[in-house]
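Coordinate analysis (summary)
Now for the letters of each chain:
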Amino acid sequence: MLANKYPLGYFPTPLEKMSNLSKKYQDYQLFIKRDDNSGLASGGNKVRKLQYFIYEALNKAYDTIITAGAQQSNHCRQTAAACARAGLACYLLLGGEKPKIFNGNLLLSHLLGANIYFNGENRKGEGIESLKFKLEAEGKKVYVVPYGGSNLLGAYGFVDAVKELKEQLTEMNLKMDYIFFASSSGGTQAGLRLGIDLFEVDTKLMPISIDKIGYEYKTLAEAVLELLKEGQKSLRIKKTYSIDDARLIHGYDSKGYGVVTSNEKSAIKELAENEGILLDPVYSGRAFYGMLDHIKSQKIEKGANILFWHTGGLPANFYYSEELMP
Ligand SMILES: *Cc1c(COP(=O)(O)O)cnc(C)c1O
């Protein structure tokens, strides 16, 4: 199952020590997993999920892919790139109204050849079924990649990623006590959790909530738990999952999704100025801020090894230039 992927990225992504920040916060050893360098039109975590979707779509002879997201969706930009590589038509259903000027991820999705529809208030795929119906009436064979690529198949990308991490940690003779990352549609979180249990990696996941709004009928933790229960069966993991396995760390998401504050800006600048690595203002910047806050307020025991899983998002910086300026 985990082997059924269409190659789209550069893997393994590097696992590096953040030497300067480890000197600055000397009670901790800080590391970073560079999924921002996963290749495919400026990288990011969705490449891992898309390898599974594209494999299935090609295998079942689909010719068209639909997915959905916010206007600055990294997931949509990476899906557009994956479709271009695989020779599939790509349709994106994005939140908001068509802007006068395309910028950041939206501009890149356009350049990558996606057919873009604007969906007003809806940014979580609410109109996918009706668009699918319309395209099928035109004779297309339509494969739907869910919002954020977060169903079980997409989560396999991160089960597989844990295998990759385990090999790197073994080779480097390291153990990570904590893994911080941005969690928003839940596939990354569910995949990491399942992978850690399947491959028996001893670590604690620290999913930083990005979007305080869940889905229409469930919270994000409930959505993650559903994925865990499904994955437990298909991967035959010997464990019974409860909501405690699916919780997120809230407290950094109170301003809402896509609202960039001085928190995200300070985190972006701190990593950029100390390590020469760029975060994004919506996801990884917010999660990195959450990690720094845990470190600075000593919510984590001294001597711990901490990994930040960089999930990408670089193009969104250009969209949020006003919030990020001096
Ligand atoms: C999508 C995304 C995330 C969140 O991943 P989920 O699997 O949707 O929770 C984090 N960071 C970036 C940059 C993303 O694009």
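Looking at an unreviewed UniProt entry, one finds the protein named Pyridoxal phosphate-dependent deaminase putative, with Algibacter lectus as its source organism. According to the UniProt record, the Cofactor (unreviewed entry) comment for the protein is "pyridoxal 5'-phosphate". Its UniProt record gives the protein the following Sequence similarities (unreviewed entry) comment, quoted word for word: "Belongs to the ACC deaminase/D-cysteine desulfhydrase family."

Looking at the secondary structure, you find L93 in strand β4 (residues 89-94). Taking the C-alpha atoms as reference points, L93 and I54, separated by 39 residues in sequence, lie 18 Å from one another. Excluding anything up to four places from it in sequence, L93 contacts T67, A68, G69, Y117, N119, G127, I128 and L131.

Residues annotated in UniProt with the feature "active site" (unreviewed entry) correspond here to S73. Tracing the backbone shows S73 in the loop between β3 (64-69) and α3 (74-86). Given a relative accessible area of 6%, S73 falls into the buried group.

Take the site of the ligand next. Around the ligand sit 17 residues in total, of which K46, K49, S185, T188 and T311 are the nearest. A distance of 3.1 Å separates an oxygen atom of the ligand from a polar atom in the backbone of G186. Going through the elements one at a time, α2 (46-59), β7 (178-183) and α7 (187-198) are the ones with two or more residues in the shell around the ligand. Of the residues that constitute the shell around the ligand, the class distribution is two nonpolar, twelve polar and three charged. Summarising the domain contributions, the shell around the ligand has at least three residues from each of domain 1 (15-43 + 151-324) and domain 2 (46-149).

What counts, and where the lines are drawn
Residues numbered from 1 in each chain as written. Predicted model: local features only at pLDDT ≥ 70, side-chain atom pairs only at ≥ 80, totals over all residues. Heavy atoms only, no water. UniProt positions renumbered as here; feature names shortened; annotations may be inferred. Helix = DSSP H or I, 4+ residues; strand = E, 2+ residues; numbered from the N terminus. Contact = heavy atoms within 4.5 Å. Buried < 20%, exposed > 50% of the residue type's maximum accessible area, 1.4 Å probe, protein only. Near = heavy atom within 4 Å. Polar contact = N/O pair within 3.5 Å; in protein donor to acceptor, adjacent residues only side chain to side chain. Nonpolar A, V, L, I, M, F, W, Y, C, P; charged D, E, K, R; others polar. Domains from an automatic or database assignment.

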